[in-house]
Amino acid sequence: MIEITFLGTGSMVPTKQRNHSAIVLTYKTETMLMDCGEGTQRQMRIAGIKPAKITRLLISHWHGDHVFGIPGLMSTMGADKAEKKLLIYGPVGTKKYLENMFTFFTSKDVIEHEVHEVKKGKFIETEDFIVEAQPLKHSTPCIGFSFIEKDRRR
């Protein structure tokens with residue numbers, strides 16, 4: 001069963017009712033976070049989603065309202081001793097942006113992570129699903145994601 005939790009669907013400025021962009025997709029043992037705007041951890045706590053359960057972070061683009069929650073989340077995951085390495089996927093430039101983000105403060109206990117830059121097409125394939133990317137038109141390099149559950153016999 002696929003479970004989707006909308007943690008934030010607002011735009012650049014959050015409101016009392018809507019937080020910055022963040023969506024969690026849970027499928028079997030995978031918990032994927034798509035974008036991580038400021039306040040995402042708080043929204044996860046309200047929704048009952050533990051940060052240490054996140055297995056993959058998918059970043060659509062590097063505007064602040066989609067990424068300002070990443071350093072705090074990765075620090076929390078490290079402090080919580082998350083069992084797995086966090087796999088991070090984003091558009092070209094993601095490695096550089098993430099490295100730069102962590103140069104602005106003393107990062108302690110940041111979870112071990114691996115960064116993959118994505119352009120177009122299939123970039124994740126497991127026994128159960130595929131995740132594909134398509135470039136989107138935006139003011140900065142941006143990708144959209146498709147989660148495709150593989151056919152299975154019953």
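In the block above lies the structure referred to throughout.
The paragraphs below set out a description of the structure included in this document. (Residues numbered from 1 in each chain as written. Predicted model: local features only at pLDDT ≥ 70, side-chain atom pairs only at ≥ 80, totals over all residues. Heavy atoms only, no water.)

Regarding the overall build of the protein chain
Regarding its fold elements, the protein chain presents four helices and nine strands. Listed N to C, the secondary structure of the protein chain is β-β-β-α-β-α-α-β-α-β-β-β-β in terms of helices and strands. Each of the three principal axes of the protein chain carries a C-alpha extent, and together these read 50 × 35 × 35 Å. Looking at the 154 residues of the protein chain, the share that counts as buried comes to 45%. Looking at the protein chain alone, contacts between residues at least 24 apart form 56% of all its contacts between residues at least 6 apart. (Helix = DSSP H or I, 4+ residues; strand = E, 2+ residues; numbered from the N terminus. Buried < 20%, exposed > 50% of the residue type's maximum accessible area, 1.4 Å probe, protein only. Contact = heavy atoms within 4.5 Å.)

Here we look at helix H3 (residues 70-79)
Counting buried positions along H3 yields seven of 10 residues, so the element is predominantly enclosed. Looking only at H3, the buried set comprises Ile-70, Pro-71, Leu-73, Met-74, Thr-76, Met-77 and Gly-78. Positive backbone phi, at 60°, marks Lys-81, one or two positions downstream of H3.

Comments concerning the pairing of strand S3 (residues 30-34)
In terms of burial, S3 is a largely internal element, five of the five residues being buried. Along S3, one buried face is formed by Glu-30, Met-32 and Met-34 and the opposite face, lined by Thr-31 and Leu-33, is buried too. Across five bridges, the pairing between strand S2 (residues 22-27) and S3 is antiparallel. Within S3, the position partnered with Leu-25 by the bridge is Met-32. The turn linking S2 back onto S3 is made up of two residues, and Lys-28 within it adopts a positive phi angle of 55°. As defined by bridge partners, S3 adjoins strand S4 (residues 56-58) across three bridges and the pair is classed as parallel. Residue pairing across strands places Met-32 opposite Arg-56, the latter belonging to S4. Between the parallel pair S3 and S4, the chain is carried across by helix H1 (residues 40-47), and the sense of this crossover is right-handed. (Pairing = 2+ DSSP bridges. Right-handed = clockwise from strand over helix to strand, strands pointing away.)

A few points about the nonpolar core
Counting residues in each nonpolar core, the largest one holds 24 residues, and the members touching the most others are Leu-33, Leu-57, Ile-70, Met-74, Leu-86, Ile-88 and Leu-98. Among the secondary structure elements, those contributing two or more residues to this core are S2, H3, strand S5 (86-91) and helix H4 (94-101). The greatest single-element share of this core, amounting to four residues, is contributed by H3. For Leu-33, the contacting residues outside a window of four places in its chain are Leu-7, Ala-22, Ile-23, Val-24, Thr-40, Ile-54, Arg-56, Leu-57, Leu-58 and Leu-73. Counting residues in hydrophobic clusters, the runner-up holds 14 residues, among them Leu-25, Tyr-27, Val-118 and Ile-143. (Core = buried A, V, L, I, M, F, W, Y, C linked by side-chain atoms within 4.5 Å.)

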